[in-house]
Amino acid sequence: MSKVFKITFPLLFILTLFTVDGIAQTKKKKQSVRDSLRMAILRRDSMMRTFKKSDTSINNLLQKIEYYTSSFNQIKTGLSRSVDTVDISNQLPSFERRVGLIKTLIDNDRSSTLRYLYAIRDILTRSDDQLDIYQERLAAINSKLVQNQNELASMDKDSALKIVPADSGLRSTFLEQKIAIDSKHKRLDSTNKKLLLKIGLLQNRISAVYISLLDLKDQIDIKIREFSMQALSSENNSIWQMDADTTSTFKTALSKTVNMNRRLLNFFVGRDPLIHFAGMLVFVLFFTWIYSNRRKVSRIKEEPQAVFNHAKYISLYPITSTIILAFAIVPNFYDHPPVIVQEIFFTVLTLGILYLVKKTCPPTQFKYLHILFWLTIVYSLSNLFVEVSNTDRVVVLLLALATSIVSIWLYRQVKKQPEDYLPYTKTILQVFITLLVVSFLCNVFGRVTLSKIIGVTAVYNLWLALGMYYLVQIIMQSLFLQLEANKDSSSISSFIDFKMLQNKFRSILTILASVLWLIMLTQNLSIEDAVFTFIQNFLTQSRSLGGTNTQFTFQSIIIFIAVIWFSSVAARIISYLYEVAGKHANDIDVLKKKNRTSTLLIKLAVFAVGFLLAVTASGFPLDKITIIISAFGIGIGFGLQNIVNNLVSGLILAFEKPIQIGDIIEVDNRSGTIMEIGIRSSKIATSDGAEVIIPNGDLISHHVINWTLSNNNRRIELIIGVAYGSDIEKVKALLTDLLCNSEDIMDNPAPLIFVHNLNESSVDFRLLFWAADINTWLSLKSRILTDIYLAFAKEGIEIPFPQRDLHLKLTNEQTDIIAGNNKKKPGKKAEVANTDITDTGLPDANAGPVAPDQ
């Protein structure tokens, strides 16, 4: 039994397996392809998750090692590339010595002048600016080093690197890489910490120097204020008590002056190389510009001397003109240049002015300025002194006296012949002499600093005023030469009218030159910083409008007005260039000329962009604009209907273009050529030379006749009368031949001739023909009438004129009275009762219809 069971059970188990497998195969066959694919995807995902779980720790270790290796390489590259403080380390001791020297000078020296204090403050200001640059560089380097230190510290805190793989092969590889990373970490950590310490020490040293500079600047500002107060009071004894003063000797003051100005000059030469280059570039470019235009005028003009006579400064003296322009403008590129540098620029400028005066002005004026030049040189040398001395005081006193005497002499010469001198010479000399007298009196009564400031300012600004005058003249003459050199070319400059440019641009240049002169005046008075600080505070201070919360500043208002003004100037310039280009474009077709009407759209676009820029630049809150628009809406409802109507009509004219610039129109019994289409009104030029301004609303709401909307053609109508008995066909043939053979009459449409009317004394013919150009239709009509008259006279065709027979019926008494009067007046015959009175003249029909004046 047991044997049977042992044999039967395996057979049953095997049979069961095959049965189950068959059933499974049957079920598998019943599964769809989609289900089988899904099962395969699930099996593969399960297998991949199993593989990932098996070596996750190994992958993390390898990724960590790779990450830290890359980070350390980046840190090493950054340390070798960006951490460069050699120049700071080398230059910082000079700043420390400079601060110590200035502190010693301020603490121990009691005889400094105001100019000396300003010179020291300029040095401190420049040192302050340089230290700011150093601090920014070191702060950036320190930030990078701190970031590096944080990345290095993150490796020590990373617990993943402390896990060692169980696999012996992986363990050895991991340990080798871990040892290499630890070695790099230690080296980089040590280097980074040393650099952090070095940068920290440099920052501390720079901060200490910076704090000392701020303290010194405060002391200098206090001393300047004290000097300013002393300058208004008697800082020295009167001139007759000068021996009692405890001032420095002239030799000591001269030695300190030379040393100080030598240092300032060396300091200036080594700084701002880009501004030095910009100044030289201005000189070279301006000279090249005027010299090339001068050569071009000499080459293309038959009589170039006539052009050079209107631009005598730049054409005859181009180098001197370039010197005046460069040395009047370039000094303003620098921020607080030393006095020695300002005086070098000023001396070169005065030499250029003196040379031009010698060549172009009366000898009397040159003689005066020649003497004043040498007095100015002495003034300049005295202005450089950094300490007060009795010798310097006496020199300033004598300079004020001598300059006053020479100026009074010139003033008398100007009064005799004012037309021989520059404009406003008399007024300028009056102010100049007054300032010199004040300077002299201040010196006499002990106000030496104030005396020198007034004297130097008076002399310097007299030369600068003369320099600004020549600067404006040189720029205007340069523009004139540019226009003349390109007048025959097709460039934009050939279209510009110099007289208009002179009237508009000269006023702008004069304003800019006046502002530049005022800036130089504040520099010479040593109040430049105080004035600019006051103006800045005044403009940037917030103010409220009434009792409301609306805040504003005068700076924002000025910016808003300035941007709007620049927008209007830009719109006018664009409009002018389009207009001038259209007038000179004789070879351009009509449609292209009429594109000048697009200037209205350009104006509107410029104004719109300008308004948005003005609002943005001024910081005006946009939510307040709605209030302004609402206020405008109320104004429109009450009293601005006509203005808004004209503005909207201008927009309609700009987009629809029913009329364009250059069109010949008739509106409200006015006819003429459209010269300008503005935003509010348009301008037409009539044939008699008048310019009529018509609101845009009239051009939209009234009936407008546009003779040139589609083309420039014009139909002409003539009524010609011939006497009865004339050959009709012959007249028609003669008129047809005459019209068809005229060059200015269009062939298509062809001329038409009709018998128009049978009048009392004539047979009227109606002539219709087209003029190709409406601008010549009047002259064409006159020529055709003349040709008809001559042709009729040649062919014997009579042109009748109206005749009237007047019959007078008189009574016997009236006849006797007339006869009696004739007897009293011998030599007169009695008039015949039947008298024919003939009224001669061309028939009215020949005059033709009334047409617009051209």
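An account of the sheet that holds strand E6 (residues 691–695) is needed here, citing residue identities and associated values.
Strand order across the open sheet formed by five strands is E6-E5-E4-E3-E7, with antiparallel pairing between neighbours. Both edges of this open sheet fall to E6 and strand E7 (704–706), since each of them pairs with a single strand only. Strand-to-strand twist in this sheet, taken as the mean axis angle between neighbours without regard to direction, amounts to 40°. Sheet topology note: the strand E3 (residues 664–667)/E7 ladder contains three bridges and is antiparallel.

Account for helix H11 (residues 318–329), with residues named and values stated.
Over its 12 residues, H11 runs 17 Å from end to end, which matches the ideal 16 Å to within 8%, given 1.5 Å per residue. Along H11, the residues that are buried comprise Pro318, Thr320, Ser321, Thr322, Ile324, Leu325, Ala326 and Ala328.

Residues and numbers for the nonpolar core, please.
In terms of nonpolar packing, the biggest core is built from 59 residues, with Ile353, Tyr368, Leu369, Phe432, Trp463 and Tyr470 touching the most fellow members. It is helix H16 (residues 448–485) that contributes the most residues to this core, 18 residues altogether. Apart from residues lying up to four places away in sequence, Leu369 is in contact with Leu354, Val357, Trp463 and Leu466. Counting 38 residues, the second-largest nonpolar core is a separate cluster that includes Ile88, Tyr118, Leu138 and Leu264.

Lay out empty space enclosed by the protein in plain terms, naming residues and giving numbers.
Under the criterion given, the structure shown has three cavities of 30 Å³ or more. In this structure, the largest cavity encloses a volume near 280 Å³. For the largest cavity, the lining is made up of 20 residues, of which Gln342, Phe346, Met520, Gln523 and Asn524 are closest to its centre. Mapped by element, the contributors of at least two residues to the lining of the largest cavity are H11, helix H12 (339–360), H16 and helix H17 (498–524).

Quick rundown of the packing of helix H25 (residues 728–740) against helix H26 (residues 777–795)? Include the residues and the values.
Viewed as axis vectors pointing N to C, H25 and H26 meet at an angle of 140°, and their least axial separation amounts to 11 Å. Taken together, the axes of H25 and H26 lie oblique to each other. Here the hand of the crossing between H25 and H26 comes out right-handed. In contact with Lys730, Val731, Leu734, Leu735, Leu738 and Leu739 of H25, H26 contributes Ile784, Asp787, Ile788, Ala791, Phe792 and Glu795. Looking at the contact of H25 with H26, its residues break down into nine nonpolar, no polar and three charged.

Tell me about a positive patch on the surface, and please be specific about residues and values.
On the surface, Arg412, Lys415, Lys416 and Lys426 cluster together to form a positively charged patch. Examining the composition of the positive patch, we find that three residues originate from one element, helix H14 (residues 390–416), more than from any other. Checked against the element boundaries, Arg412 lands in helix H14.

Mind laying out the sheet that holds strand E9 (residues 752–758), listing which residues take part and the relevant values?
Pairing in this open sheet of three strands is antiparallel, and the strands run E8-E10-E9 from one edge to the other. At either margin of the open sheet sits one strand with a lone partner, and together these are strand E8 (714–722) and E9. Ignoring which end each strand starts from, the neighbouring axes of this sheet average 25° apart. Sitting on the sheet, H26 touches E8 and strand E10 (763–771), and the angle it makes with E8 is about 25°.

Break down the environment of Ser710 for me, with residues and values.
Within the fold, Ser710 resides in the loop between E7 and E8. Since its relative accessible area comes to 66%, Ser710 is described here as exposed. Residues Ser710 and Asp663, 47 residues apart in the sequence, show an inter-C-alpha distance of 9.8 Å.

Rules used in this analysis
Residues numbered from 1 in each chain as written. Predicted model: local features only at pLDDT ≥ 70, side-chain atom pairs only at ≥ 80, totals over all residues. Heavy atoms only, no water. Pairing = 2+ DSSP bridges. Helix = DSSP H or I, 4+ residues; strand = E, 2+ residues; numbered from the N terminus. Axes fitted to C-alpha atoms, helices over the stretch in contact; angles between N-to-C directions. Expected span 1.5 Å × (residues − 1). Buried < 20%, exposed > 50% of the residue type's maximum accessible area, 1.4 Å probe, protein only. Core = buried A, V, L, I, M, F, W, Y, C linked by side-chain atoms within 4.5 Å. Contact = heavy atoms within 4.5 Å. 1 Å grid on protein atoms, 1.4 Å probe; cavity = no way out; pocket = protein on both sides within 12 Å on 5 of 7 lines; lining within 4 Å. Points joined across faces, edges and corners; volume = space filled by probe spheres on them. Parallel < 35°, antiparallel > 145°, perpendicular 65-115°, else oblique. Left-handed = near helix turned anticlockwise from the far one by under 90°. Nonpolar A, V, L, I, M, F, W, Y, C, P; charged D, E, K, R; others polar. Patch = residues over 30% accessible without salt bridge, like charges linked within 9 Å, V, L, I, M, F, W, Y side chains within 5 Å. Areas by Shrake-Rupley, 256 points an atom, 1.4 Å probe, with all protein chains shown as cover. Salt bridge = Lys/Arg side-chain N within 4 Å of Asp/Glu carboxyl O. Lys, Arg positive; Asp, Glu negative; His and termini not counted. Charge placed at Lys NZ, Arg CZ, Asp CG, Glu CD.

Take it as geometry only, folks, not as evidence of what the structure does.
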